[in-house]
Amino acid sequence: MDPPHYDAQDVARCDICEIAIAQNYCDFCHVYLCKPCIGEHISDEYDKHKIVPFQQRRSTLIYPKCGTHPNKNCKYQCEDCNIFLCTDCFASKPHNKEHKLSKLDEKFSKKKDEIKKDKQEIKEQILPVYEDIASDLENQISHIDVDYQKFTTQLWKHREELHREIDKAINQREKEIDENKLKHLSILTKHLEEIKQLQSLMHETLHSMYEMEESNEVTPTIHYSSKNQEFIKLPPKVIVSMPKFIPKPIEKEELCRLIGKLTPLSTTLEERVFTAKKPNTSVRELLDDHEAEVLNTIKTGHEKLRSVTCLNEEEIWTSGETADIKCFNTQGVLQKTIQTKSGYRPNHIAVYSDGALVYSDGMTGTVYKVKNDQTEEIIRLQGWSPTELCVTSSGDLLVTMVSDNYTQSKVVRYSGSTVKQTIQFDDDGQSLYSGNHYTKFITENRNLDICMADCGAGAVVVVNQAGKLRFRYTGPPSSTKKEPFKPWGITTDSQSRVLTSDIDNHCIHVLDMDGQFLSYIDNCGLKLPTGLCVDNDDSLFVCEGLKGNVRKVRYLK
């Protein structure tokens, strides 16, 4: 029987009754069993059953059956013949004594060690390199629109310059046309004036002739001299040739050369040399008690500031009790504002390594991703409401969620919109987290632990990557604080320390990766600290709930 598949935090149920939680396991049949069903499973007179506690499942080796002796298991292998052998094989037909024999359990153990070593190498060295490569490609893809827009902007600028030069040339030709028109007009006007002068002289002559015809005076008539020969001699005809505009044919190739050219896209493959990522060995120690200091303050203007998250000092995202999600730089200058689609406040915000923002909307039961000013729905829940978010080092998204009736809480790991893991119960089937509506901030530690500040339970709950409980922190052994421990925000630093804000005691608890209390950050005048985050330089950003300020705090030497 093939063993059923269970996710890391799915409770294993008995394969016989399918109801009770499995406390045992048949290591031969690969069957999950509750205690009452053990008897039924082994009642078939089959003598190979091996019942073990659930935690010790799959510890019994399953040897291959012998092809020659079906009732025997092969526990040896001939290295020269590459065949499995049972003890009867030696008795019935002794194997070549010069051949090298190996015990299968020893080879199995060596291979297990090899698998474990390879698994660790892939997980800790090879996979992180591929994650860096993927992150770099995602970053290139996310910037491709911006990079190519630069070319378009240059082209538009060049087009404007060409238009200006063309306009200048056209204006020059228009000026030449106007100048020619004025010269043409001047020539015709002058000629017209000469004609009109002659017309006027002829009218005067006609008038004199009319008077002489009617007159009886002898002297004027005798002295009359004809001017008709002068008038018959017509003035020369003025012919002005119109200028011509001869447009130059538009040659497309010449025009393209005039505009400029774009070099062709080129692709080359550069050989990568694998270099294992070295663990962070630089140790940054905590400042002594009461030496933490506020470096600067960002006034966000948020009402009841809840969350802060950042990748770098130029993009510090914040959210509060309104639909506005604001982005500031470390100097407090507002960079941009995004509005939730529902108009309701986001429950929480987080940022992917490529700069894309993600936020949860409890009103619609939806998680949205915002990239390049485009908002897309990536998760929609039924019967559950998304609360807090965390983007992991592998690019997965951890979502804390509470049931609609506020009786259950769980953490779900998503790859895109696909569920990869559900974390809800411990090995005894008990809920890891409180089921109330209180805030449950979440983060991933550098050692891949999943850390939750469960405000309703008054505890920090930490599980490993597989979802197994590592520790539960409910405050230091002896506290000097007046109010009960009420964790709100949570974050981790480069040394895998866990920092959580204690909202009612106006301070921050610092723990080591195993949950041991190290110190308080309580001398910076913080009031109602809520959301926390740490940047790549281990600078701590703290939300002050009612003031609406984000404080940048130095707490390491």
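The structure reproduced in this document is the subject of the present report. (Residues numbered from 1 in each chain as written. Predicted model: local features only at pLDDT ≥ 70, side-chain atom pairs only at ≥ 80, totals over all residues. Heavy atoms only, no water.)

Observations concerning the overall build of the protein chain
Here is step 1: The helix and strand tally for the protein chain stands at six helices and 30 strands.
Here is step 2: The C-alpha radius of gyration computed for the protein chain amounts to 45 Å, which surpasses the reference 24 Å derived for 557 residues by more than 25%, pointing to a less compact arrangement than a globule.
Here is step 3: Dimensions of the protein chain, computed from the C-alpha atoms along their principal axes, are close to 175 × 75 × 45 Å.
Here is step 4: Relative to its 557 residues, the protein chain shows a buried fraction of 36%.
Here is step 5: When contacts within the protein chain are restricted to residue pairs at least 6 apart in sequence, long-range pairs at least 24 apart make up 45% of them. (Helix = DSSP H or I, 4+ residues; strand = E, 2+ residues; numbered from the N terminus. Rg over C-alpha atoms; globule rule 2.2 N^0.38 Å. Buried < 20%, exposed > 50% of the residue type's maximum accessible area, 1.4 Å probe, protein only. Contact = heavy atoms within 4.5 Å.)

A closer look at the sheet that holds strand 6 (residues 101-103)
Sheets are built from strands paired through backbone hydrogen bonds, the pairs being either parallel or antiparallel.
Here is step 1: Pairing in this open sheet of three strands is antiparallel, and the strands run 5-4-6 from one edge to the other. On the outer flanks of this sheet lie strand 5 (83-85) and strand 6, each paired with one strand and no other. Ignoring strand direction, the axes of neighbouring strands in this sheet form an average angle of 35°.
Here is step 2: Bridge count for strand 4 (residues 76-78) against strand 6 is three bridges, and the pairing is antiparallel. The partner of Cys78 across the bridge, within strand 6, is Leu101.
Here is step 3: The strands that helix 3 (residues 104-214) touches are strand 4, strand 5 and strand 6; relative to strand 6, the one it contacts most, it runs at about 65°. (Pairing = 2+ DSSP bridges. Axes fitted to C-alpha atoms, helices over the stretch in contact; angles between N-to-C directions.)

Section: the packing of aromatic side chains
What characterises a pair of aromatic rings is the spacing of the ring centres plus the angle enclosed by the ring planes.
Here is step 1: This model, assessed by the stated rule, comprises seven aromatic pairs.
Here is step 2: Ring geometry for Tyr25 versus Tyr32: centroids 5.1 Å apart, planes at 70°, classification edge-to-face. Summarising the burial analysis for this pair, Tyr25 and Tyr32 share the class buried.
Here is step 3: Ring centres 5.6 Å apart and planes at 40° place the aromatic pair Tyr32 and Phe54 in the tilted group. Residue Tyr32 is found in strand 2 (residues 31-33), and its partner Phe54 is found in the loop between strand 3 (51-53) and strand 4; the two are separated by 22 residues along the sequence. Each member of the pair, Tyr32 as well as Phe54, is classed as buried.
Here is step 4: A network of ring pairs unites the aromatic residues Tyr25, Tyr32 and Phe54 as a single cluster. (Phe/Tyr/Trp six-rings, centres within 6.5 Å; stacked < 30°, edge-to-face > 60°.)

Considerations on the pairing of strand 23 (residues 469-473)
Here is step 1: Here strand 22 (residues 459-463) pairs with strand 23 via four bridges, running antiparallel. Along strand 23, the bridge assignment pairs Val463 with Leu469.
Here is step 2: The hairpin formed by strand 22 and strand 23 contains five residues between the paired strands, and Gly467 there has a positive phi angle of roughly 95°.

Digging into the nonpolar core
Here is step 1: Counting 16 residues, the largest nonpolar core has Val358, Ile379 and Leu397 as its most contacted members.
Here is step 2: Of all the secondary structure elements, the ones that give two or more residues to this core are strand 15 (374-380), strand 16 (384-391), strand 17 (397-403) and strand 18 (409-415).
Here is step 3: Leaving out residues up to four positions away in the same chain, Ile379 has contacts with Gly365, Thr366, Val367, Leu397, Val399, Tyr414 and Gly416.
Here is step 4: Within the second largest apolar cluster, 15 residues are counted, among which are Leu499, Cys524, Leu532 and Leu556. (Core = buried A, V, L, I, M, F, W, Y, C linked by side-chain atoms within 4.5 Å.)

Things to note about the pattern of salt bridges
Here is step 1: Applying the stated criterion across every chain, the model contains 24 salt bridges.
Here is step 2: The salt bridge involving Glu285 is made with Lys557; its shortest N-O contact spans 3.6 Å. With Glu285 in the loop between helix 6 (252-259) and strand 7 (293-299) and Lys557 in the segment after strand 30 (549-554), the pair connects residues that are 272 residues apart, well separated along the chain.
Here is step 3: The partner of Arg380 in a salt bridge is Glu377, with the nearest N and O atoms 2.9 Å apart.
Here is step 4: Take Arg380: its relative accessible area is 45%, and that puts it in the partly exposed class. (Salt bridge = Lys/Arg side-chain N within 4 Å of Asp/Glu carboxyl O.)

Here we look at a nonpolar patch on the surface
Here is step 1: On the surface, a cluster of nonpolar side chains totalling about 620 Å² of accessible area is made up of Leu155, Trp156, Ile250, Leu255, Leu258 and Ile259.
Here is step 2: Where the nonpolar patch is concerned, the elements lending two or more residues are helix 3 and helix 6.
Here is step 3: Top contributing element to the nonpolar patch by residue count: helix 6, with three residues.
Here is step 4: Within the fold, Ile259 resides in helix 6. (Patch = residues over 30% accessible without salt bridge, like charges linked within 9 Å, V, L, I, M, F, W, Y side chains within 5 Å. Areas by Shrake-Rupley, 256 points an atom, 1.4 Å probe, with all protein chains shown as cover.)

Here we look at a positive patch on the surface
Here is step 1: On the surface, a cluster of positive charge is contributed by Lys48, Lys65, Lys72 and Lys75.
Here is step 2: Take Lys48: it is sitting in the loop between helix 1 (38-41) and strand 3. (Lys, Arg positive; Asp, Glu negative; His and termini not counted. Charge placed at Lys NZ, Arg CZ, Asp CG, Glu CD.)

As for the environment of Leu305
Here is step 1: Among the structural elements, Leu305 can be located in the loop between strand 7 and strand 8 (307-312).
Here is step 2: Under the relative-accessibility criterion, Leu305 is labelled buried at 1%.
Here is step 3: It is 25 Å that separates the C-alpha atoms of Leu305 and Arg380, two residues lying 75 residues apart in sequence.
Here is step 4: Every residue in contact with Leu305, bar those within four places of it in the chain, is listed here: Thr300, Thr318, Ser319, Gly320, Thr530, Cys543, Glu544, Gly545, Gly548, Asn549 and Val550.

Concerning the sheet that holds strand 18
Here is step 1: The strand order 16-17-18-19 describes an open sheet built from four strands, whose pairing is antiparallel. In this open sheet, the two strands that pair with only one neighbour each are strand 16 and strand 19 (418-423). On average, each strand axis in the sheet is inclined to that of its neighbour by 30°, with strand direction left out of account.

A word on helix 3
One turn of an α-helix holds 3.6 residues; hence residues three or four places apart share an orientation.
Here is step 1: The first and last C-alpha atoms of helix 3 sit 157 Å apart over 111 residues, in line with the 165 Å expected at 1.5 Å per residue.
Here is step 2: His143 marks the point of greatest bend in helix 3, at about 45°.
Here is step 3: Within helix 3, burial applies to Leu104, Pro128, Val129, Ile133, Ser142, Leu162, His184, His191 and Thr205.
Here is step 4: On its buried face, helix 3 sits against strand 4, strand 5, strand 6, helix 5 (228-232), helix 6 and strand 14 (366-371). (Expected span 1.5 Å × (residues − 1). Bend = angle between axes of the 7 residues up to and from the residue.)

So, the environment of Val462
Here is step 1: Locating Val462 in the fold gives a position in strand 22.
Here is step 2: On the accessibility criterion, Val462 (1% relative accessible area) is buried.
Here is step 3: Taking the C-alpha atoms as reference points, Val462 and Asn445, 17 residues apart in sequence, are found 9.5 Å from one another.
Here is step 4: If near-sequence neighbours (up to four positions away) are discounted, Val462 is found in contact with Asp449, Ile450, Cys451, Lys468, Leu469, Arg470 and Phe471.

Describing the state of the cysteines
Here is step 1: One pass over the full model with this rule turns up zero disulfides.
Here is step 2: Left without a disulfide partner, Cys34 is nearest to the cysteine sulfur of Cys37, which lies 3.5 Å away. (Disulfide = S-S within 2.5 Å.)

Section: the pairing of strand 15
Here is step 1: Of the pairings in the sheet, the one linking strand 14 to strand 15 comprises six bridges and is antiparallel in character. Counted as the bridge partner of Tyr368 is Glu377 from strand 15.
Here is step 2: Connecting strand 14 to the next strand, strand 15, in antiparallel fashion are two residues, including Asn372 with a positive phi near 50°.

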